[in-house]
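Coordinate inspection notes
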Amino acid sequence: MSVTREYDLIIFGATGFTGQYIVEEVARIAEEENITWAVAGRNIIKLKAGLENAEKQTGKPLKDVGIIKADVVDPDSLSEMAKKGKIVLNCVGPYRFYGDAVVNACVKNATSHLDISGEPQFLEKMQLDYNNAAKENNCYVIGACGFDSIPADMGTVFLEQQFGGQVNSVEAYLNIKAQHGFHLHYGTWQSAIYGFACANELKPLRKKLFPQRLPETKPKLKSRGVLHQNPIVKSWCLPFPGSDRSVVMRSQRYFYEKEKKRPIQMAAYFQCPSIIAAILMILTAAVFGLFASFKLGRSLLEKYPKVFSFGTFDHEGPTKKEMEGTSFVLTLVGKGWNEKLTEPTDAYSSKPEKELIVQVSGPELGYVATPICMIQAALVLLREADKLPSEGGVYPPGAAFAKTSLINRLIKNGINFETGLRSSL
């Protein structure tokens, strides 16, 4: 990261719904962290207006912030943008439609790239297509640097660091607490539609990306089914459909291949406030899955997000009051043994004997926690090159930041990592 560039950070897509909150977060910390930065997008007038709004929201003078015109349909403009910055923070989604061109421009110009994608197909395709080129140019492409999936990936890293033995499995339970209602912006809904519709892309993609399977570890982590009542988090739970598991397992593969560490098994779940809420969510997911599976259905889902999501998604996004009243707790339950065996493929003769619970908690996940995660990840990438993987490449957050100060930085900025109950099984 020693390359001389005009800006440390460039926020691409700064006028988008999430991008505006990324701008505000950078504005708050830029002077203290002594960084130079710019905003980028296709409309200069909107970029200036966005900076003026961020100035009002944060009280920080932003007259000297750079403004760059760049458009995903104009490769030359993306290349010119990439040449000006050390790191591009890409906020333009859905990434399956718009992300590849930005990653391509960054890698060609030896510029590092962070995104907040929760789209496994995009994240894994970028690793398949650009890992070697990024290594050659000594730049880093690190996806899933927002709520998807830093709490889960770095939470798993934290749990393993605190465990004091060998972790066999981690089960993660997400609880969203919303005092004044909870909903998200349309962009997340659109990403989910096409992620589900194109889920069949993942299997052949993974065969190319990972021709060798991870070693089988025992005892095997059993699925808890579609709906179960969990005694640890004391609520009804459903499988969590996000990118957390896929991101965590990519980090686990990296640790196994590069550090000969026994890979953990992982499952992710979502907590429901009641059995009735859980049943409604199952019905909503069934309707969503049906409509996302054919072209007309996808068109209807895109046209009427509020109807099909029962008010969870719309084009306006959450209000300030809603965001202030929303928080999350991610509970990670790790099980394993007190002692580590010599080889990662060695089998234990006994059942897991130890359990550790870790909680990652913070403010509203989509537009408060996500900017914090992304910006702190970017600052670590700027400042701690000696603690990153020794060569550039395409990485998930856990693999990239396991040996850095990212967790401590997140704690100082309101994303808490805490150990809870430790017991013998």
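As shown above, the structure is provided for reference.
Residues numbered from 1 in each chain as written. Predicted model: local features only at pLDDT ≥ 70, side-chain atom pairs only at ≥ 80, totals over all residues. Heavy atoms only, no water.

The next thing to look at is the packing of helix α4 (residues 95-108) against helix α5 (residues 120-136). It is at 11 Å that the axes of α4 and α5 come closest, and there the two elements cross at 15 degrees. Classified by the angle between their axes, α4 and α5 sit roughly parallel to one another. For the crossing formed where α4 meets α5, the hand is right-handed. Across from Y95, R96, G99, D100, V103, N104 and V107 in α4, the residues of α5 making contact are Q121, F122, K125, M126, D129, Y130, A133 and A134. (Axes fitted to C-alpha atoms, helices over the stretch in contact; angles between N-to-C directions. Helix = DSSP H or I, 4+ residues; strand = E, 2+ residues; numbered from the N terminus. Parallel < 35°, antiparallel > 145°, perpendicular 65-115°, else oblique. Left-handed = near helix turned anticlockwise from the far one by under 90°. Contact = heavy atoms within 4.5 Å.)

Summed over all chains, the structure comprises 18 aromatic pairs. Arranged with centres 4.9 Å apart and planes meeting at 85 degrees, the rings of F17 and Y367 form a pair that is edge-to-face. Note that F17 is positioned in helix α1 (residues 17-33) and Y367 in helix α14 (residues 365-383), a separation of 350 residues in sequence. Each member of the pair F17 and Y367 is classed as buried. Between the aromatic rings of F291 and F308, the centroid separation amounts to 5.0 Å while the plane-to-plane angle is 50 degrees, which identifies the pairing as tilted. Placement of F291 in helix α10 (residues 275-292) and of F308 in helix α12 (residues 305-308) is noted, with a sequence separation of 17 residues between them. The burial state of F291 is the same as that of F308; both residues are buried. (Phe/Tyr/Trp six-rings, centres within 6.5 Å; stacked < 30°, edge-to-face > 60°. Buried < 20%, exposed > 50% of the residue type's maximum accessible area, 1.4 Å probe, protein only.)

Before going further, it helps to examine the packing of helix α6 (residues 150-163) against helix α9 (residues 244-259). Look at α6 against α9: their axes get within 8 Å of each other, and the N-to-C directions meet at 45 degrees. If you check the angle between α6 and α9, you find them oblique. The chirality of how α6 crosses α9 is right-handed. Within the contact between the two elements, α6 uses A152, D153, T156, V157 and E160 and α9 uses D244, V247, V248, S251, Q252 and F255. Residues that form the contact of α6 with α9 fall into these classes: 5 nonpolar, 3 polar and 3 charged. (Nonpolar A, V, L, I, M, F, W, Y, C, P; charged D, E, K, R; others polar.)

Glancing now at empty space enclosed by the protein. Overall, the coordinates contain 1 cavity of 30 Å³ or more when judged by the stated rule. Roughly 40 Å³ of volume is contained in the largest cavity. In terms of lining, the largest cavity is formed by D115, F122, L123, M126, V141, G143, R250 and V394. Here the element with the most residues in the lining of the largest cavity is α5; it accounts for 3 residues. (1 Å grid on protein atoms, 1.4 Å probe; cavity = no way out; pocket = protein on both sides within 12 Å on 5 of 7 lines; lining within 4 Å. Points joined across faces, edges and corners; volume = space filled by probe spheres on them.)

With that out of the way, let us pick up the sheet that holds strand β15 (residues 393-395). The pairing of strands in a sheet comes from backbone hydrogen bonds and takes either a parallel or an antiparallel form. Taken in spatial order, the 7 strands of this open sheet run β3-β2-β1-β4-β5-β6-β15, and their pairing is parallel. Sheet topology places β3 (66-69) and β15 at the edges, where each strand pairs with a single neighbour. Neighbour-to-neighbour, the strand axes of this sheet turn through a mean angle of 20 degrees, independent of strand direction. As paired elements, strand β4 (residues 85-90) and strand β5 (residues 112-115) share 4 bridges and run parallel to each other. Looking across to β5, one finds that I87 is bridged to S112. (Pairing = 2+ DSSP bridges.)

Here we take up the nonpolar core. Grouped together as the largest cluster of nonpolar side chains are 90 residues, with contacts concentrated most on I11, W37, L89, L114 and F401. Ranked by the residues each element gives to this core, the list is headed by α14, at 12 residues. Discounting chain neighbours no more than four positions away, the residues touching L89 are L9, I10, I11, F12, I22, L114, M374, I375 and A378. Residues A70, A82, V92 and A105 belong to the second largest nonpolar core, which totals 16 residues. (Core = buried A, V, L, I, M, F, W, Y, C linked by side-chain atoms within 4.5 Å.)

Moving on to the environment of G311. Here G311 lies in the loop between α12 and β12 (313-314). Considering only alpha carbons, one finds G311 and H183, 128 residues apart in sequence, at a separation of 7.0 Å. Look past the residues within four positions of G311 in its chain and what remains in contact with it is H183 and K306.

The subject of this paragraph is α1. For the α-helix, the turn length of 3.6 residues means that residues three or four positions removed from each other point alike. With 17 residues, α1 extends 25 Å between its outermost C-alpha atoms, agreeing within 8% with the 24 Å of an ideal straight helix rising 1.5 Å per residue. If you look at α1, its biggest bend is around 30 degrees, right at A27. α1 sits mainly inside the fold: 13 of its 17 residues count as buried. Two residues or fewer past α1, N34 is found with a positive phi of approximately 55 degrees. (Expected span 1.5 Å × (residues − 1). Bend = angle between axes of the 7 residues up to and from the residue.)

Our focus in this paragraph is the pairing of strand β1 (residues 7-12). The element β1 is extensively covered by neighbouring structure, given that 6 of its 6 residues are classed as buried. In this sheet, β4 lies alongside β1 in parallel orientation, the contact comprising 5 bridges. Following the sheet pairing, I10 is matched in β4 by V88. Once the chain exits β1 it traverses α1 before rejoining the sheet at strand β2 (residues 37-41), and the crossover so formed is right-handed. (Right-handed = clockwise from strand over helix to strand, strands pointing away.)

As a further point, take the side chain of S79. The topology assignment puts S79 in helix α3 (residues 75-84). When near neighbours in sequence (up to four residues on either side) are disregarded, S79 contacts A105 and N109.

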